[in-house]
Amino acid sequence: MSDTTNSEAAVSAAAIRLWLQKSADVLAEKRAYLTELDSPIGDADHGNNMDRGFKAVVATLSDKEDVGAVLKAVAMTLISKVGGASGPLYGTFFLDAGKPFAGKAELEPADLVTMFEDGIAGVKKRGRAEPGMKTMLDAQIPAAEALKAAVAEGKSAVEALKAAAEAAEEGMKATIPMQAQRGRASYLGERSIDHQDPGATSSYLIIRALADAVAETSQ
Amino acid sequence: MKKLINNAEDVTLEQLKGFGLAHPEIEVHFDPNYVAVAGGVQNRVAVVSGGGAGHEPLHGGYVGMGMLDAACPGQTFTSPTPDQMYEAGKAVNGGKGILQIIKNYTGDVLNFRMAADLLRDEGIEVRNVVIDDDVALKDSLYTAGRRGLGTTVIAEKVCGAASQEGYDLNQLAALCKKVNIHGKSMGMALTPCTTPQNGTPSFELADDEMEIGIGIHGEPGTERMPIKSADEITEILATRILEDGAYTRELTEWDPEKGDWVDVEVKDITFQSGDEAIAIVNSMGATPISELYTVYAKLAEVAEKHGVKIVRKLVGHYITSLEMAGVSITLVKADEEILRLYDAPVNTPALRWGV
């Protein structure tokens, strides 16, 4: 899609379902990589847990056209299948992200901003975390900010999500020099420095999957 | 990786099946997974705990008369999920509420908190108490706080007995918090461990090195140093515990008055000359009991030097980390109430006396 007008940039429920499918695919593919990132600073299970959770998510995806219902089903599946800290945190993200969209079949670019902001607010509250603590928020927050700025400039959903994915990637890389202040990595103190945060990495992969899914369905 | 497993994906399920067959007096439930005393609980507070698999006998081994009413096992080293705690809680609820005993790991805390919210929505009263007794960690300002270690075992024993005695939910939660601030632990590793799902050791350690200040999830400790003798290692761990200051932190708990989660400031005791204590010398999994006795001998000596009298002791495998070699030491300052409840009869797969 080369046009950048808002009118043709709505995100369909099919695109949301494709997002989750793509997330599951990339998390399965990067399962060993995520676990490897989690090994020196965590407990070496992030890749396994996310893969298990999103495999279960895919099994729940029907051809539902209700974006809110899809996101709620995702949340409940992640909460019951992932375990660890990631289960309730990602579960809360999708639960709160989906709440405003019950009964909606498609999302406008501004809705995407709301979805990210509400999801992030939930993660902050559940995990009692702020940016800079070497967590998934360090990928999610820059992504949300980039998305919001791009939407404010009138960019299409495809372009705004592309910017969000790029910001998430930057944010993920920015966790490398951080000292962890939440989760199991925090117990390592300074030894948590120089490692990329696994939660920020899975968040980046999921946000990238959203950008890819929306680009693909908009063609 | 050399392990007695079939398929890495199925280990927790298969181990749970075996546990149920070996201990028919305990009910094992699947999908969601939990173990519970047969017949549920009548007219007293139910005591529930849980955590990742790989720490056996914690927690399933402590389900039975006078200790836990239910335990929720997660995947290896991964916290259980709220649906497990929700179903377990409903199964053992005896109308007087549920005390959840939770080790301070981010995943455990978050999942139990969600489960407590779900149970409360059903009209079941729930309190959760977090155990954070690991003195290897200095503060909670820049970390997730101190981890939960061996004091968990004593809290489960003492609270189980108190429930049998008829403590109500408020009294039981207060008791559990008291045991937590009376307990201090520290562990060390000689070797890493390998989760079946990953197949590779959780960290690398040279033959002449050790990790000090470990938790129970195969993670590295707070410090790596050249390996020392059993006496020197014991002295490091015991001294840190005995000389640990009055650690102050905020722990999140449910406030029934406000109907919300609140942060409450909590302050540890410090050990004083003249104190009595319950001690645990615990194998991380691979260290044999013979070596634990070497550690216990030195621990008794160091404690005596500090004027602390060990009045009860457990030496063995109580809270492990798969096949990690190493030891953790726990000291819980005992008072009349804690000792009475500790001595009360208990009949579980892993702890049994007075019956």
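Residues numbered from 1 in each chain as written. Chains lettered and ligands numbered in written order. Predicted model: local features only at pLDDT ≥ 70, side-chain atom pairs only at ≥ 80, totals over all residues. Heavy atoms only, no water.

## Digging into helix H9 (residues 198-218) of chain A
Residue and element names in this part refer to chain A.
Step number 1: An ideal rise of 1.5 Å per residue puts 30 Å on 21 residues; H9 measures up with 30 Å between its terminal C-alpha atoms.
Step number 2: By the criterion of burial, H9 is predominantly enclosed, with 16 of the 21 residues buried.
Step number 3: For H9, the N-terminal cap is Asp197; the gap from its side-chain oxygen to the backbone nitrogen of Gly199 is 3.2 Å. (Helix = DSSP H or I, 4+ residues; strand = E, 2+ residues; numbered from the N terminus. Expected span 1.5 Å × (residues − 1). Buried < 20%, exposed > 50% of the residue type's maximum accessible area, 1.4 Å probe, protein only. Polar contact = N/O pair within 3.5 Å; in protein donor to acceptor, adjacent residues only side chain to side chain.)

## Focus on the packing of aromatic side chains
Step number 1: Counting across every chain of the model gives six aromatic pairs over all chains.
Step number 2: Ring geometry for Phe54 of chain A against Phe94 of chain A: centres 6.4 Å apart, planes inclined by 65 degrees, an arrangement best described as edge-to-face. Separated by 40 residues along the polypeptide, Phe54 of chain A in helix H3 (residues 46-60) and Phe94 of chain A in helix H5 (residues 86-98) bring together distant segments of the chain. For the pair shown, Phe54 of chain A and Phe94 of chain A are each scored as buried.
Step number 3: Ring centres of Tyr342 of chain B and Trp353 of chain B lie 5.1 Å apart, and the angle between their planes is 45 degrees; this geometry places the pair in the tilted category. Taken as a pair, Tyr342 of chain B in helix H8 (residues 336-343) and Trp353 of chain B in strand S16 (residues 352-353) lie far apart in primary sequence, 11 residues in all.
Step number 4: Accessibility expressed as a relative area gives 3% for Tyr342 of chain B, which makes it buried.
Step number 5: In this structure Trp353 of chain B comes out as partly exposed when scored by relative accessible area, which is 23%.
Step number 6: Through pairs of rings, three or more aromatic residues link up here, namely Trp19, Phe54, Phe93, Phe94 and Phe116 of chain A.
Step number 7: Above the ring of Trp254 of chain B, the side-chain terminus of Arg120 of chain B is found at 3.5 Å from the ring centroid.
Step number 8: Its end group placed over the ring of Tyr247 of chain B, Arg146 of chain B keeps NZ or CZ at 3.8 Å from the ring centre. (Phe/Tyr/Trp six-rings, centres within 6.5 Å; stacked < 30°, edge-to-face > 60°. Lys NZ or Arg CZ within 6 Å of the ring centre and 35° of its normal.)

## Remarks on the pattern of salt bridges
Step number 1: Inspection of every chain in the model, using the stated rule, returns 40 salt bridges over all chains.
Step number 2: Between Arg31 of chain A and Asp51 of chain A there is a salt bridge whose closest N-O contact spans 3.2 Å. Of this pair, Arg31 of chain A sits in helix H2 (residues 31-41) while Asp51 of chain A sits in helix H3; the two residues are 20 residues apart in sequence, bridging distant segments of the chain.
Step number 3: A salt bridge links Glu211 of chain B to Arg191 of chain A; the shortest N-O distance between them is 3.3 Å. (Salt bridge = Lys/Arg side-chain N within 4 Å of Asp/Glu carboxyl O.)

## Details of the packing of H3 of chain A against H9 of chain A
All names here are of chain A.
Step number 1: It is the contact of H3 with H9, at a shortest axis distance of 10 Å, that shows an interaxial angle of 35 degrees. Crossing geometry of H3 relative to H9 is assigned as right-handed. For the pair H3 and H9, contact is made by His46, Met50 and Phe54 and by Pro198, Gly199, Ser202 and Ile206, respectively.
Step number 2: Looking at the contact of H3 with H9, its residues break down into four nonpolar, three polar and no charged. (Axes fitted to C-alpha atoms, helices over the stretch in contact; angles between N-to-C directions. Left-handed = near helix turned anticlockwise from the far one by under 90°. Contact = heavy atoms within 4.5 Å. Nonpolar A, V, L, I, M, F, W, Y, C, P; charged D, E, K, R; others polar.)

## Comments concerning the sheet that holds strand S4 (residues 70-76) of chain B
Residue and element names in this part refer to chain B.
Step number 1: Judged by pairing direction, the sheet is mixed, and its six strands sit side by side in the order S1-S2-S4-S3-S5-S6 without closing on themselves. Of all strands in the sheet, those with a lone pairing partner are strand S1 (26-29) and strand S6 (126-131), marking the two edges. In this sheet, adjacent strand axes meet at a mean angle of 20 degrees when their direction is disregarded.
Step number 2: Packed on one face of the sheet, helix H4 (residues 151-165) meets strand S3 (46-53), strand S5 (98-103) and S6 and runs near 170 degrees to S5. (Pairing = 2+ DSSP bridges.)

## Comments concerning the confidence of the model for chain B
Step number 1: Mean pLDDT over chain B stands at 95; residues scoring 70 or higher make up 99%.
Step number 2: Across the interface, the model reports ipTM at 0.73; the global pTM reads 0.86. (pLDDT = per-residue confidence, 0-100.)

## Comments concerning the pairing of strand S14 (residues 326-333) of chain B
All names here are of chain B.
Step number 1: Along S14, seven of the eight residues are buried, which leaves the element largely enclosed by surrounding structure.
Step number 2: Note that strand S7 (residues 183-189) and S14 share seven bridges and pair antiparallel. From the neighbouring strand, Ser185 faces S14, where its bridge partner is Thr330.
Step number 3: Summarising the sheet, strand S12 (residues 276-283) and S14 pair through seven bridges and their orientation is antiparallel. Directly across from Ile278, in S14, lies its bridge partner Val332.

## Quick look at the interface of chain B and chain A
Step number 1: With 37 residues of chain B in contact, the opposing surface of chain A contributes 32 residues.
Step number 2: Summed over both sides, the interface of chain B with chain A buries roughly 2700 Å², with 48% coming from carbon and sulfur.
Step number 3: At the junction of chain B and chain A, the tally comes to three salt bridges.
Step number 4: Between Arg31 of chain A and Glu9 of chain B there is a salt bridge, with its nearest N and O atoms 3.5 Å apart.
Step number 5: In this structure, the connection of chain B to chain A is made through 11 residue pairs in polar contact (both at pLDDT 80 or more).
Step number 6: Mapped onto the side of chain B that touches chain A, the elements with two or more residues apiece are helix H2 (82-92), helix H3 (106-121), strand S9 (223-226) and strand S11 (260-267) of chain B.
Step number 7: When residues in the side of chain B that touches chain A are grouped by element, the largest group, seven residues, is from H3 of chain B. (Buried area = accessible area lost by both parts, 1.4 Å probe.)

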